[in-house]
Amino acid sequence: MNPALALSSSTLVHLSPVDLVIIVFYFALVLAIGLYLKEQANTGEDFFMAGREMTAWVAGLAFLSANLGSLELMGWAGNSYKYGILAAHWYWIGAIPSMLFLALVMMPFYYVCKTHSVPGYLKLRFGQDCQVLSSISFALMTVLMSGINMYAMAVVMKVVLGWDINFSILVSSITVAIYVALGGLRSAIFNEVLQFFLIWAGALLIPILGLIEAGGWSGLQAKILQNLTELHAANPGSYTHVWSTLGNFSDNPMGINWAGIVFGLGAVIAMGYWTTDFLVVQRVLSAKDLRSAELAPIIGAAFKMMVPFIVILPGLLGLALLRDPHTGGLLRLVPADLAWSKAGQAQGLHGYDEVLPLMLARYCGPGLLGLGITALIAGFMSGMAGNVSAFSTVWTYDIYGALINKNATDEGKVKMGRWITVIGVGISIGTAYLVMHAQSIMDYVQALFSFFIAPLFGTVLLGMLWKRATRAGGFWGLLAGTLSSIGMYTWGKLDSTSVRYLALSDKAQDQAQNMFRALWCWLICIIVTVVVSLMTTPKPDNELKDLVYGLTPIPKQQHVSIFHSPLFWGAVVAIVFLILQVIFW
Amino acid sequence: MKSGGSLSIWFFIGISLAFNGAVIFARGIYELMYPPAIQVVLYNLHANVWWGGILAILGVFFSLRFSPARERARMSGNS
């Protein structure tokens, strides 16, 4: 068992009755939403696609929220403490270009072919082999991710609040199972939008009050420089610049260069995640029309650009402001393994991922603290619900409907969807107890992404943009990409010197290794797909209609003003994105 | 905004913000009258008062703007 679970005797914060009232109200509200929406989840379209009637705003906020779980919030706040503002790349170049690409390039294909899922698109484009391979790997990934979310929440509740791990897992999983099984995707989406507001309401005070205390951005920069110099950290000036230190691997705390960020993160990991991970794409597919489906990721991108304000900034503020309450000296956070070891607990050490709760406890008294904790719980449950609802859809349509019962009725699929939601939550609980023995949760998460998401992006991209890609090319490319990623991960675990080949530098930290591994397996997927496709016979053009660029007539949209045009708002978001890069260069 | 029956998602969000904002605001007022022995950093800014107030106002606005009665009236007007 993870030492944190056994050793955490003192807690970071103590909840008052006011805080508990806010938390209990949240649980009551999400259950009420599930019960209310049950009546509107009677058909397959209702249960799995939320009736395809969501507005651009609802679909866009759910698209963003499905990714904005607490694992993400606390993990990236911790990473910004560890790596400085470089962590913001995961919200900027690691999200914005790919969200815009999804909106303006890929969404028409997904929407026009009316698929229920990404594996469903692969079936239409490459055949059932590819569909089954991707749906099994996706189903595996989602239940594992759901379990990780559940476990991470239990650990946080244990460390931060001292709650029993079994209590946290059972209460959260039963709540999620009830509201997703009752209301399906619509219920998950409603709760994701609610969670979006709770997260901002609960977390926005931290950067506002933190900047007041630090003396604004320039004061924050000066304090970080002073503290890191005092701690003899390498490159103390690099913690507040996003691009200027990426010329060389050794000039920044992450041990990465611009190529790893641009190509590994921006072009592969982010593109793969935001355009092919069905967990997020499913939210956009629920939009009521093509224009809403195009606008949804753009709305998501606009808010995604602002998330560093409530995630990255608190990490930097922790670096500048946190002091040991007993000695008055700098409070230095450490890796989780060290913080949770017996020696670490005896010394009262805190892990990087605890920076967000620490900052929350610093500024938020009773009431505000309850709202902040509710935001974290909502994030965890939303992440779990997102995975479970996506798992339910892929299982029902791409595994059960394709392999087990090809003649299933719509009513039968809804029934199966409800049951598999409960079963999926059950498997996730098992996974949560399984990962208690893992050394590092984030390592496990990133490994899963590189195994399944990076190669999938290669397959979907070629499927949509290259009509010469064949059924055999798609299947073997996806298989080769997935296996090569698992192979590289295993090589890295068995031989630590392999990092100089896999990540081009022996200074590469975990995140840098993930970026390069994703890049290599994506390239392998592309190369194998192209080579095999050129050796095999392609489908005739008439079978690729509505699936491939050049053969898909995009429906003409009714004439809308420029302020309702996805292209216009995409350009606005792109310009703001570029301005942010220059400001924090 | 059609997204599930006569109760809009924005109505639920309004209820949530209004309730949480009211509770936080009330607690802030209580702390103004009876300051706690252990105070958070920047306690003097009384964040729970103004932040709770902002959330409550926003929540009441959403709840009224997307109330079931207004939604029903709007939907019957559209049909």
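It should be emphasised that the depicted structure is a prediction, and the values quoted were computed from it without experimental measurement. (Residues numbered from 1 in each chain as written. Chains lettered and ligands numbered in written order. Predicted model: local features only at pLDDT ≥ 70, side-chain atom pairs only at ≥ 80, totals over all residues. Heavy atoms only, no water.)

Here's the deal with the overall build of chain A
Threshold: Runs of E in the DSSP output that reach at least two residues are strands. Runs of H or I that reach at least four are helices, and both are numbered from the N terminus. Only the C-alpha atoms count toward the radius of gyration. The rule for a globule is 2.2 Å times the residue count to the power 0.38. Burial classification: accessible surface area is computed with a 1.4 Å probe over protein chains only, and a residue below 20% of its type maximum counts as buried, one above 50% as exposed, and the rest as partly exposed. Only the protein chains shown count as cover for residues, and all accessible areas are computed by the Shrake-Rupley method using a 1.4 Å probe. Counting rule applied: Lys, Arg positive; Asp, Glu negative; His and chain ends not counted. Taken as the charge location is NZ of Lys, CZ of Arg, CG of Asp or CD of Glu.
Regarding its fold elements, chain A presents 25 helices and 0 strands. Compactness check: chain A gives a C-alpha radius of gyration of 23 Å against a globular reference of 25 Å for 585 residues, within 12% of the reference. For chain A, the spread of C-alpha atoms along the principal axes amounts to about 75 × 55 × 50 Å. In chain A, which comprises 585 residues, the proportion classed as buried is 63%. As displayed, chain A has an accessible area near 20400 Å², and 66% of this comes from carbon and sulfur atoms. For chain A, the distance from the average site of its 31 positive side-chain charges to the average site of its 29 negative ones is 5 Å.

Here we look at the overall build of chain B
Let me state the cut-off plainly: Contact between two residues is taken to exist if any of their heavy atoms lie within 4.5 Å; hydrogens are not considered.
Check the secondary structure of chain B and you find 3 helices and 0 strands. Each helix (α) and strand (β) of chain B, taken in turn from the N terminus, gives the series α-α-α. Across the 79 residues of chain B, 44% fall into the buried class. At a minimum sequence separation of 6, the contacts of chain B that also span at least 24 residues come to 71%. Roughly 4100 Å² of accessible area belongs to chain B as shown, and the carbon and sulfur atoms make up 71% of that amount.

Here's the deal with the packing of helix H7 (residues 118-126) of chain A against helix H8 (residues 128-161) of chain A
Residues and elements named next belong to chain A. Defined as follows: Helix axes are fitted only over the stretch in contact, all axes being lines through C-alpha atoms; the angle between N-to-C directions runs from 0 to 180 degrees. Oblique is the label for any angle not under 35 degrees, not over 145, and not in the 65 to 115 range, which are roughly parallel, roughly antiparallel and roughly perpendicular in turn. In this scheme the crossing of two helices becomes right-handed for a clockwise turn of the near helix relative to the far one and left-handed for an anticlockwise turn of less than a right angle. Classification convention: Asp, Glu, Lys, Arg as charged; Ala, Val, Leu, Ile, Met, Phe, Trp, Tyr, Cys, Pro as nonpolar; all other residues, Gly among them, as polar.
H8 packs onto H7 with a crossing angle of 160° between their chain directions and a minimal axis gap of 7 Å. Judged on the interaxial angle alone, H8 and H7 are roughly antiparallel. Note that H7 runs across H8; the crossing there is right-handed. Across from Pro-119, Leu-122, Lys-123 and Phe-126 in H7, the residues of H8 making contact are Gln-128, Cys-130, Gln-131, Ser-134 and Ser-135. In terms of residue class, the contact of H7 with H8 is built from 4 nonpolar, 4 polar and 1 charged.

Some words on helix H10 (residues 205-214) of chain A
Note on helix geometry: an α-helix contains 3.6 residues per turn, so any two residues three or four positions apart are oriented the same way. Looking at H10(A), one finds that the buried residues are A:Leu205, A:Ile206, A:Pro207, A:Leu209, A:Gly210 and A:Ala214. As for H10(A), its buried residues are in contact with helix H9 (165-203), helix H11 (216-230), helix H15 (312-321), helix H18 (355-363) and helix H19 (368-404) of chain A together with helix H2 (47-65) of chain B. One or two residues past the end of H10(A) sits A:Gly215, with phi positive at roughly 85°.

Brief notes about the environment of A:Ser389
All names here are of chain A. Test applied: Under this definition, polar contacts are N or O atom pairs within 3.5 Å; protein pairs additionally need one hydrogen-donor-capable and one acceptor-capable atom, and for neighbouring residues in sequence, both atoms have to be side-chain atoms.
In this fold, Ser-389 is placed in helix H19. Considering only alpha carbons, one finds Ser-389 and Leu-358, 31 residues apart in sequence, at a separation of 32 Å. Not counting residues within four places of it along the chain, the set of residues in contact with Ser-389 comprises Val-180, Leu-185, Ala-188, Gln-282 and Arg-283. A polar side-chain atom of Ser-389 sits 3.1 Å from a polar atom in the side chain of Arg-283.

Some details on the side chain of A:Gln195
All names here are of chain A. By the element assignment, Gln-195 lies in helix H9. For Gln-195, a relative accessible area of 0% gives the class buried. The residues touching Gln-195, leaving out its near neighbours within four places in the chain, are Ser-65, Leu-68, Ala-378, Gly-379 and Ser-382.

Examining unusual backbone geometry
All names here are of chain B. Phi at Leu-42 takes a positive value of approximately 65°, unusual for a residue other than glycine. Although it is not a glycine, His-46 adopts a positive phi angle of roughly 50°. Assignment of secondary structure puts His-46 in the loop between helix H1 (9-33) and H2. Judged by relative accessible area, His-46 falls into the partly exposed class, the value being 24%.

A short note on the packing of aromatic side chains
So the rule is basically this: Centres within 6.5 Å are what make two rings of Phe, Tyr or Trp a pair, Trp counting through its six-membered ring; a difference in plane orientation under 30 degrees is then read as stacked, over 60 as edge-to-face, and the rest as tilted.
Under the counting rule described, the total for this entry stands at 33 aromatic pairs over all chains. Aromatic pair A:Trp92 and A:Phe584: ring centres 5.8 Å apart, planes at 35°, arrangement tilted. On the criterion of sequence distance, the pair formed by A:Trp92 in the loop between helix H5 (70-83) and helix H6 (96-112) and A:Phe584 in the segment after helix H25 (566-583) is long-range, its members being 492 residues apart. Of the two residues, A:Trp92 and A:Phe584, both sit in the buried class. Measuring from centroid to centroid gives 6.2 Å for A:Phe190 and B:Phe12, while their planes differ by 65°, and the two rings are edge-to-face. Taken together, the positions of A:Phe190 in helix H9 and B:Phe12 in helix H1 put the pair across two chains.

Some words on the pattern of salt bridges
All names here are of chain A. This is how the line gets drawn: The term salt bridge refers to a side-chain nitrogen of Lys or Arg lying within 4 Å of a carboxyl oxygen of Asp or Glu.
Summed over the entire model, instances satisfying the criterion amount to 8 salt bridges over all chains. Salt-bridge contacts for Glu-192 lead to Arg-283; the nearest nitrogen and oxygen are separated by 2.7 Å. On the criterion of sequence distance, the pair formed by Glu-192 in helix H9 and Arg-283 in helix H13 (residues 278-285) is long-range, its members being 91 residues apart. For the pair formed by Glu-192 and Arg-283, the shared burial category is buried.

Overview of the environment of A:Ala293
Residues and elements named next belong to chain A. Following the sequence through the fold, Ala-293 ends up in helix H14 (residues 290-304). A relative accessible area of 0% means that Ala-293 is categorised as buried. Sequence spacing of Ala-293 and Ala-56 is 237 residues, and the spatial spacing of their C-alpha atoms is 6.4 Å. Filtering out sequence-adjacent residues up to four positions away, Ala-293 remains in contact with Met-107, Tyr-111, Val-284 and Ala-287.

Some thoughts on helix H12 (residues 258-276) of chain A
What counts here: The bend reported for a residue corresponds to the angle between axes fitted to the seven residues ending at that residue and the seven starting there.
Its maximal kink placed at A:Leu265, H12(A) deviates by approximately 35°. In terms of burial, H12(A) is a largely internal element, 15 of the 19 residues being buried.

Some details on the nonpolar core
Selection criterion: Grouping buried Ala, Val, Leu, Ile, Met, Phe, Trp, Tyr and Cys residues that are joined through side-chain atoms within 4.5 Å yields what is termed a nonpolar core.
Counting residues in each nonpolar core, the largest one holds 225 residues, and the members touching the most others are A:Tyr110, A:Val193 and B:Trp10. When residues in this core are grouped by element, the largest group, 18 residues, is from H9(A). In terms of nonpolar packing, the next biggest core, distinct from the first, is built from 5 residues, A:Val143, A:Phe391, A:Ile399 and A:Ile420 among them.

Quick word on the interface of chain B and chain A
In many reports, interface size means the accessible area that the parts give up when they come together. Basically, it comes down to this: Put simply, buried area is the surface a 1.4 Å probe can reach on two separate parts but cannot reach once they are joined, added for both.
Listed per partner, the contact involves 31 residues of chain B and 36 residues of chain A. With both chains or domains summed, chain B and chain A bury close to 2900 Å², and 81% of this area falls on carbon and sulfur atoms. On the chain B side of the interface with chain A, the three residues burying the most area are B:Phe12, B:Val41 and B:Trp51, jointly 19% of the side's total. Joining chain B to chain A, the criterion identifies 0 salt bridges. At the junction of chain B with chain A, the criterion picks out 3 residue pairs in polar contact (both at pLDDT 80 or more). Of all the secondary structure elements, the ones that give two or more residues to the side of chain B that touches chain A are H1 and H2 of chain B. Sorting elements by how many residues they give to the side of chain B that touches chain A places H1(B) first, with 13 residues. Grouping the constituent residues of the side of chain B that touches chain A by class yields 20 nonpolar, 8 polar and 3 charged.

These values are about where atoms sit, not about what they do.
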